[in-house]
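Residue-level structural notes
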Amino acid sequence: KNEVEQSPQNLTAQEGEFITINCSYSVGISALHWLQQHPGGGIVSLFMLSSGKKKHGRLIATINIQEKHSSLHITASHPRDSAVYICAVSDNTDKLIFGTGTRLQVFP
Amino acid sequence: EPEVTQTPSHQVTQMGQEVILRCVPISNHLYFYWYRQILGQKVEFLVSFYNNEISEKSEIFDDQFSVERPDGSNFTLKIRSTKLEDSAMYFCASSLLAGANTGELFFGEGSRLTVL
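Below or above, wherever it landed, is the structure these notes cover. (Residues numbered from 1 in each chain as written. Chains lettered and ligands numbered in written order. Predicted model: local features only at pLDDT ≥ 70, side-chain atom pairs only at ≥ 80, totals over all residues. Heavy atoms only, no water.)

Moving on, we come to the overall build of chain A. Within chain A, the regular secondary structure consists of zero helices and 11 strands. Starting at the N terminus and walking to the C terminus, you meet the elements of chain A as β-β-β-β-β-β-β-β-β-β-β. C-alpha extents for chain A along the principal axes are approximately 40 × 25 × 20 Å. For chain A, buried positions account for 47% of its 108 residues. For chain A, the share of sequence-separated contacts (at least 6 apart) that also reach a separation of at least 24 residues comes to 53%. (Helix = DSSP H or I, 4+ residues; strand = E, 2+ residues; numbered from the N terminus. Buried < 20%, exposed > 50% of the residue type's maximum accessible area, 1.4 Å probe, protein only. Contact = heavy atoms within 4.5 Å.)

Quick look at the interface of chain A and chain B now. Buried accessible area, meaning the area lost when the parts come together, often serves as the stated size of an interface. Of the residues lining the interface, 21 residues belong to chain A; the matching set on chain B comes to 21 residues. Taking both partners together, chain A and chain B bury about 1,800 Å²; carbon and sulfur atoms supply 53% of that area. When residues of chain A are sorted by the area they lose upon contact with chain B, A:Ile43, A:Asp94 and A:Phe98 head the list and together hold 36% of the total. Between the two partners, chain A and chain B, sit one salt bridge. (Buried area = accessible area lost by both parts, 1.4 Å probe. Salt bridge = Lys/Arg side-chain N within 4 Å of Asp/Glu carboxyl O.)

The next thing to look at is the packing of aromatic side chains. This model, assessed by the stated rule, comprises nine aromatic pairs over all chains. When the ring of B:Tyr33 is compared with that of B:Tyr35, the centres are 6.4 Å apart and the planes differ by 40°; the resulting orientation is tilted. Taken individually, B:Tyr33 and B:Tyr35 each receive the classification buried, so the pair is uniform in this respect. One aromatic cluster in this structure is built from A:Phe98, B:Tyr33, B:Tyr35, B:Phe45 and B:Phe107. (Phe/Tyr/Trp six-rings, centres within 6.5 Å; stacked < 30°, edge-to-face > 60°.)

Next up, the structure:
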């Protein structure tokens, strides 16, 4: 069983739609990261959170430690948001455990 | 904005050859990492490095792999004798604070290794 599960695996949206990507994990964690992987392969950190909610622009990330679940929301989606969004957790060690990612395509 | 840079962006090599992938982490960062992503699969941790020594490594990071920080700025990953299954994108990352637990990670653009 994967330690980090994401859903959906693929997501298609029309420009302007509200998007939610979910992440569930099975291990005890100290922090959860949301990352964005561009079509060319580069990875950018979006959020790191251990409780509650964080907002940056049109992106919102929430985490529920008791339920071992996190969500990434994108408001007013835009074609430039098209990317793979990855959830990763740190389990009190130096390493991150990655999910398989959610491929998002936003059409104009 | 400071960034992690990696070279080469793409390397093609013959099986059995040695490969060195280079990374320049953000200058004031203290923790350094290598991850890899085989095509179509998820990103996997290889090794973390702090204070000039390995702090953690995965099962993937066997005796064929080594890391070093030769000059205080570069951080290198060496694969001694490449195998076909080493073909992957290799990502370098760095963080200022104590590892992935508390520090935001900054990733390089990746080095794609193709082993023929």
